[in-house]
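# Close look at the chain arrangement
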Amino acid sequence: EDSEKILKQAKEAYSAKEYNESMTLFKKAASMGNSSAMYSIGTAYLVGVYEENNPALAVAWYEEGTKRGNFECQVGYANAMWMGNVIPKNQEEAV
């Protein structure tokens, strides 16, 4: 299976409100290096879709996706740096 196919399945499960299944699939795609899945997981943790929100986990997923060049993850990580509430504040590097 390729990660793009799994990502598509994860998004379909999420749309169907099958949140546990979607998280399982997002994590499977992420484990295969899919940075879009990493962004989806990070965002889910940030807003608390699957459980209570967990900004630290969100930033960890954004950071991993940033290392892989994902623009959405870069924005999420930069926002965290700008705000400084999860990781050390660094507004200079954030921009």
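The structure under discussion appears in the preceding block.
Description of the structure in this document. (Residues numbered from 1 in each chain as written. Predicted model: local features only at pLDDT ≥ 70, side-chain atom pairs only at ≥ 80, totals over all residues. Heavy atoms only, no water.)

With that settled, consider the nonpolar core. Ranked by size, the top nonpolar core spans 16 residues in total, and within it Met23, Phe26, Ala37 and Ile41 carry the most contacts. Residue contacts for Met23: discarding those within four places in its chain leaves Ile41, Ala44, Tyr45 and Tyr50. Val59, Tyr77, Ala80 and Met81 belong to the second largest nonpolar core, which has six residues in total. (Core = buried A, V, L, I, M, F, W, Y, C linked by side-chain atoms within 4.5 Å. Buried < 20%, exposed > 50% of the residue type's maximum accessible area, 1.4 Å probe, protein only. Contact = heavy atoms within 4.5 Å.)

Let's shift gears to helix H3 (residues 35–47). Along its 13 residues, H3 runs 18 Å from first to last C-alpha, staying within 8% of the 18 Å computed at 1.5 Å per residue. Turning to H3, its buried residues number three or more, namely Ser35, Ala37, Met38, Ser40, Ile41, Gly42, Ala44 and Tyr45. The opening residue of H3 is Asn34, an N-cap whose side-chain oxygen sits 3.0 Å from the backbone nitrogen of Ser36. Downstream of H3 by a residue or two, Gly48 has a phi angle that is positive, lying close to 80°. (Helix = DSSP H or I, 4+ residues; strand = E, 2+ residues; numbered from the N terminus. Expected span 1.5 Å × (residues − 1). Polar contact = N/O pair within 3.5 Å; in protein donor to acceptor, adjacent residues only side chain to side chain.)

This paragraph deals with the environment of Lys27. Structurally, Lys27 can be placed in helix H2 (residues 19–31). In the structure, Lys27 is positioned 14 residues away from Ile41 in sequence and 7.4 Å away in space, judged by C-alpha atoms. When residues no more than four places from it in sequence are discounted, the contact partners of Lys27 are Ile41 and Tyr45.

On to the packing of helix H1 (residues 3–15) against H2, then. Between H1 and H2, the shortest axis-to-axis distance is 8 Å and the interhelical angle comes to 160°. Between H1 and H2, the crossing angle belongs to the class labelled roughly antiparallel. Crossing of H1 over H2 shows left-handed handedness. Where H1 approaches H2, its residues Ser3, Ile6, Leu7, Gln9, Ala10, Lys11, Ala13 and Tyr14 are matched on the opposing element by Tyr19, Glu21, Ser22, Leu25, Phe26, Lys28 and Ala29. Residue composition of the contact of H1 with H2, by class: nine nonpolar, three polar and three charged. (Axes fitted to C-alpha atoms, helices over the stretch in contact; angles between N-to-C directions. Parallel < 35°, antiparallel > 145°, perpendicular 65-115°, else oblique. Left-handed = near helix turned anticlockwise from the far one by under 90°. Nonpolar A, V, L, I, M, F, W, Y, C, P; charged D, E, K, R; others polar.)

Applying the stated rule across the entire model yields one salt bridge. Between Arg68 and Glu64 there is a salt bridge, with the nearest N and O atoms lying 3.3 Å from each other. You can call Arg68 partly exposed: its relative accessible area is 46%. (Salt bridge = Lys/Arg side-chain N within 4 Å of Asp/Glu carboxyl O.)

Two aromatic rings, taken as a pair, are described by how far apart their centres are and by the angle between their planes. For the coordinates displayed, the defined rule picks out two aromatic pairs. Ring geometry for Tyr39 versus Tyr62: centroids 5.7 Å apart, planes at 25°, classification stacked. You can see Tyr39 sitting in helix H3 and its partner Tyr62 sitting in helix H4 (residues 55–67), a full 23 residues away along the chain. (Phe/Tyr/Trp six-rings, centres within 6.5 Å; stacked < 30°, edge-to-face > 60°.)

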